[in-house]
Protein chains: 2
Amino acid sequence: MTESDVVIERLTLIGVGLIGGSLARSLKQAGAVGEVVGLARTEATLRKALELGVIDRAETEVERAAQSASVVVIATPMQVMPQMLADLDRCVGPDTVITDVGSVKGYVVEAAQKQCPHNVARFVPGHPIAGKEHAGVEASYADLFVDKSVILTPTKHTDNHAVQLVTSVWQQTGADVQTMDVRVHDRLLAATSHLPHMVAYALVNFLAKHSESETLFKLAAGGFYDFTRIASSDPVMWRDICMTNREEILQALKGYRSSIDTLFSAIEAGDGDALHECFQRAKLSRDKGLDSKNKVSAK
Amino acid sequence: MTESDVVIERLTLIGVGLIGGSLARSLKQAGAVGEVVGLARTEATLRKALELGVIDRAETEVERAAQSASVVVIATPMQVMPQMLADLDRCVGPDTVITDVGSVKGYVVEAAQKQCPHNVARFVPGHPIAGKEHAGVEASYADLFVDKSVILTPTKHTDNHAVQLVTSVWQQTGADVQTMDVRVHDRLLAATSHLPHMVAYALVNFLAKHSESETLFKLAAGGFYDFTRIASSDPVMWRDICMTNREEILQALKGYRSSIDTLFSAIEAGDGDALHECFQRAKLSRDKGLDSKNKVSAK
């Protein structure tokens, strides 16, 4: 039995949506988990999760949900996480490892230090980078994390064994697990994920406010709807991301705005050579990035 | 035999790439064309087009290509179109109808008036709105235009019969053909197509110039590559679009920039309610637009 084949006796999900639900399904499919206990905000979600076989037991109190858990995964909206960490700090056992799936890690790390001081060494901040346009446990599926990146951002105070355990949990879902400094994570994600979402939201809102809005949306080709798919993501989640990764997103937006300004000036000046170079560079960078990405996935 | 079942005795393609090639394939498949004659910039393209059966005869001189043509389709990069219109003006017969597939119509209409004065009444400006990430005759296929919009922008001087003929040609490819004022076309397309491309090019270039560029492209999830697919479009084509629809694109970019600024201010102020409303509105607008779009396609 290799390290990545470890079996989790009891997994507790705080929040049973797309991410938590898909993690449970994946570990069950791999035979890597004993019991899955779920805690959710609504009884309807818990009932649905039980019906779908995503969880084995439903709880509505954190104390009961976390009892004797090997691993607790916090998979709630991010702004609820500090309260969950505080609740868990009062009730988890000395061997329980806690992790989360929040998209911004500095915010969660700070919350853990403040709200979860007795168990912070066994808290491993994590971020599975997986699509989130469809929310809810109904949308969860076992293969969501195959070939996706999961980034862990332990601090110097994080217990090594806890990091290893969380790493092996995610490896069993087929994900590629990496560790990264928490500030580097938030800066990189601001550029590769948070910025593109802002760009798409701003574009759709520009068209929505346009005087010919209805015609525009009708005329838009399929490519436009592919392009703006990410503007259909969960507004609560994106509000939370903007509130918790504020500085890094503002920095990325500033850089992007200057990229828009460069393009604006070249169009205004009618500078065909500059425009061609700009489009050529973008095409080459994207195609090269995609190429190296595909090589990584094919490993 | 209905009007849309007309057979074109001889179709001449000036430019045999994705669009011209797909049009020929589609009309051949529908049994709606006699002979297809192709003229291209390189002999390699003509050879390939003959091999693929996209064209029946290859020519390298406009005079020979356009001889006895029922319909001539100009499907070259846009900045070549004025010269092609001038060449055609010297050699087409009095019954030949000319059309084009350029993405910007004001530019082409003006060129036709100047360069093609003797035949401008039989010139029908056209724009099939169909995906163009892959270029070249090798990428052409018969179903490219099924359920896509084709917009014709005749002027008050355009012959009605010519408009009807070009309409029926496109209808046989499965496209939804509409006519529109040339200035309205250029304004709407600036918002729904040209702007999204600028937004995507600027985003990719921002990441390409970033000091951690390589890591960023590796870390970017599949969603990022879907989102930026349009930044892999043909740089020459997009240079031409920017050079020929300058004013409308600048107007759209200004509006978009103000949409970005609104978002920037809300993030800076940490205004969660404004952010939530902004994301919610974008999601609703896009989903509603997609819904009405799907209803149109399902007709």
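Only a predicted model underlies this, so the values are computations on that prediction, with no experimental measurement involved.

Caption draft 1: Examining the pairing of strand β5 (residues 97-100) of chain A more closely. Residues and elements named next belong to chain A. Neither face of β5 is left uncovered, since the one carrying Val97 and Thr99 and the one carrying Ile98 and Asp100 both have all their residues buried. Alignment of strand β4 (residues 71-74) against β5, held across four bridges, turns out to be parallel. The residue bridging valine 72 from the neighbouring strand is isoleucine 98, located in β5. Taken together, β4, helix α4 (residues 81-91) and β5 form a β-α-β motif whose crossover is right-handed. This β-α-β element, β5 to helix α5 (residues 105-115) to strand β6 (residues 123-124), shows right-handed connectivity.

Caption draft 2: Seen up close, the packing of helix α7 (residues 182-209) of chain A against helix α10 (residues 235-244) of chain A. All names here are of chain A. As a packed pair, α7 and α10 sit with axes 11 Å apart at the nearest point and diverge in direction by 120 degrees. Overall, the two elements α7 and α10 adopt an arrangement that is oblique. Here α7 runs over α10; the crossing is left-handed. Together, Ser193, His194, His197, Met198 and Tyr201 of α7 and Trp238, Ile241 and Cys242 of α10 make up the contact between the two elements. Taken together, the residues of the contact of α7 with α10 sort by class into five nonpolar, three polar and no charged.

Caption draft 3: Focus on the nonpolar core. By size, the foremost hydrophobic cluster in this structure holds 131 residues, and its most contacted members are Met198(A), Tyr256(A), Met198(B) and Tyr256(B). When neighbours within four sequence positions are excluded, Tyr256(A) is seen to be in contact with Leu195(A), Val199(A), Val199(B), Ala202(B), Leu203(B), Phe206(B), Tyr256(B) and Ile260(B).

Caption draft 4: Main features of the relation of the copies chain A and chain B. Turning chain A through 180 degrees and shifting it by 0.0 Å along the axis lays it on chain B, with an RMSD of 0.1 Å. With respect to symmetry, the two chain copies, as superposed, fit the operation of a two-fold axis. Among all C-alpha atoms of chain A, that of Phe227(A) lies closest to the rotation axis, at 2.4 Å.

Caption draft 5: View of the pattern of salt bridges. Residue and element names in this part refer to chain B. Summed over the entire model, instances satisfying the criterion amount to 34 salt bridges over all chains. Residue glutamate 110 is joined to lysine 114 by a salt bridge in which the shortest nitrogen-to-oxygen separation is 3.5 Å. Of this pair, glutamate 110 and lysine 114 both sit in helix α5 (residues 105-115), four residues apart, which is roughly one turn of that helix. Assessed through its relative accessible area of 47%, glutamate 110 is described here as partly exposed. As a salt-bridge pair, arginine 281 and glutamate 277 come within 3.3 Å of each other at their nearest N and O atoms. Of this pair, arginine 281 and glutamate 277 are both found in helix α12 (residues 272-297), four residues apart, which corresponds to roughly one turn of the helix. Arginine 281 gets classed as partly exposed once you look at its relative accessible area, which sits at 29%.

Analysis parameters
Numbering of residues starts from 1 in each chain and follows the order in which that chain's sequence is written. To label them, take the chains in the order written and letter them from A, then take the ligands in the order written and number them from 1. Totals for whole chains, interfaces and linings use every residue, but because this is a predicted model, local features are given only for residues with pLDDT of at least 70 and side-chain atom pairs only at 80 or more, for both listing and counting. Side-chain descriptors were evaluated using all non-hydrogen atoms of the structure, hydrogens and water having been removed beforehand. Each residue is placed in one exposure class: buried if its accessible area under a 1.4 Å probe, protein chains only, is under 20% of its type's maximum, exposed if it is over 50%, and partly exposed if it falls in between. The helix count covers DSSP runs of H or I at least four residues long, the strand count covers runs of E at least two residues long, and both are numbered beginning at the N terminus. A strand pair is defined by DSSP finding two or more bridges across the two strands. Consider the strands pointing away from the viewer: the crossover is right-handed when the path from the first strand over the helix to the second runs clockwise. Every angle, taken between N-to-C directions, lies between 0 and 180 degrees, and every axis is a line fitted to C-alpha atoms, over only the stretch in contact when it is a helix. The cut-offs work like this: below 35 degrees is roughly parallel, past 145 is roughly antiparallel, 65 to 115 is roughly perpendicular, and the gaps in between are oblique. Helix crossings are classified by the rotation of the near helix relative to the far one: an anticlockwise turn of less than a right angle makes the crossing left-handed, while a clockwise turn makes it right-handed. Contact criterion: two residues are considered in contact whenever any of their non-hydrogen atoms come within 4.5 Å of each other. Asp, Glu, Lys and Arg are counted as charged, while Ala, Val, Leu, Ile, Met, Phe, Trp, Tyr, Cys and Pro are counted as nonpolar; the rest, among them Gly, fall into the polar class. Residues enter a nonpolar core if they are buried and are Ala, Val, Leu, Ile, Met, Phe, Trp, Tyr or Cys, with the set joined through side-chain atoms within 4.5 Å. The least-squares superposition of copies is restricted to C-alpha atoms, and to residues with a pLDDT of at least 70 in both copies. A pairing counts as a salt bridge when a side-chain nitrogen of Lys or Arg comes within 4 Å of a carboxyl oxygen of Asp or Glu.

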